Amino acid sequence: MATVAITTAPAISASAASCSPGFACGWSANAFTGTQKSFYLNTEYWADYGFSNQANGIWANGTSCGQTRFYDSEYALGNYILLKSQSIYGTSYHDDVLDNGSPLGSGNTGDWDDKISTSWFTECNW
Ligand SMILES: [Ca+2]
Ligand SMILES: [Ca+2]
């Protein structure tokens, strides 16, 4: 049996997903699939990217800020999910399923699918 050559681009999968250093990221579908958006500024209003109330997965990878908050509201008010930076902490930096909540943050229980509207880097050193 001949070896099967890989000639097509691999499908986006959880194992291939990443969020570049310096960014917070969101995906429109579970397991880091679907549309990916990357956010660089300290505070980002996801509606500016057509991505408000879209995310089913999130990833934090700030390089000068240790934590990222993901808010349900448009203006970084109210409940949020918190992730730690992959680059700085290397743990608790992503969540591939949001309908079961997320371990960290003030409003971390319940269904967070399609709710995030703002990301905010915190615990910053600059
Ligand atoms: Ca979605
Ligand atoms: Ca979760």
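Model, not experiment: these values are computed from the prediction.

1. Some words on the coordination of the calcium ion (ligand 2)
Taken together, the protein donors to the calcium ion (ligand 2) comprise Asp 95 (OD), Asp 95 (OD), Val 97 (O), Asn 100 (OD1) and Gly 101 (O), at separations of 2.2 to 2.6 Å. Ordering the donors of the calcium ion (ligand 2) by residue number gives the pattern D-x1-V-x2-N-G. Of the residues examined, Asp 95 reaches a relative accessible area of 10% and is grouped as buried.

2. Some remarks on the pairing of strand β5 (residues 65-71)
Most of β5 is tucked away, with six of its seven residues classed as buried. Bridge count for β5 against strand β8 (residues 118-124) is six bridges, and the pairing is antiparallel. Bridge pairing in β8 links Arg 69 to Trp 120. Pairing of β5 with strand β6 (residues 80-84), which is carried by five bridges, proceeds in the antiparallel orientation. From the neighbouring strand, Phe 70 faces β6, where its bridge partner is Ile 81.

3. Considering the coordination of the calcium ion (ligand 1)
The coordination sphere of the calcium ion (ligand 1), as far as protein atoms go, consists of Ser 28 (O), Gln 54 (O), Asn 56 (OD1) and Asp 114 (OD), spread over 2.3 to 2.4 Å. Of note, the donors binding the calcium ion (ligand 1) are all from one chain and are spaced S-x25-Q-x1-N-x57-D. Pair noted here: Ser 28 is in strand β1 (residues 23-29) and Asp 114 is in the loop between β7 (94-95) and β8, with a separation of 86 residues, a long-range link. On the accessibility criterion, Ser 28 (23% relative accessible area) is partly exposed. The exposure class of Asp 114 is partly exposed, given its relative accessible area of 38%.

4. A word on the state of the cysteines
Tallied over the entire structure, the rule returns two disulfides. The disulfide partner of Cys 19 is Cys 25, and the gap between their sulfur atoms is 2.1 Å. Taking the sign of the S-S torsion, about 85 degrees here, the bridge from Cys 19 to Cys 25 comes out right-handed. On the basis of relative accessibility, which here comes to 3%, the residue Cys 19 falls in the buried class. By relative accessible area, Cys 25 is classed as buried at 0%. The disulfide that involves Cys 65 links it to Cys 124, with 2.1 Å between the sulfurs.

Parameters and conventions
- Residues numbered from 1 in each chain as written.
- Chains lettered and ligands numbered in written order.
- Predicted model: local features only at pLDDT ≥ 70, side-chain atom pairs only at ≥ 80, totals over all residues.
- Heavy atoms only, no water.
- Donors = N, O, S within 2.8 Å, 3.2 Å for Na, K, Ca; no water.
- Buried < 20%, exposed > 50% of the residue type's maximum accessible area, 1.4 Å probe, protein only.
- Helix = DSSP H or I, 4+ residues; strand = E, 2+ residues; numbered from the N terminus.
- Pairing = 2+ DSSP bridges.
- Disulfide = S-S within 2.5 Å.

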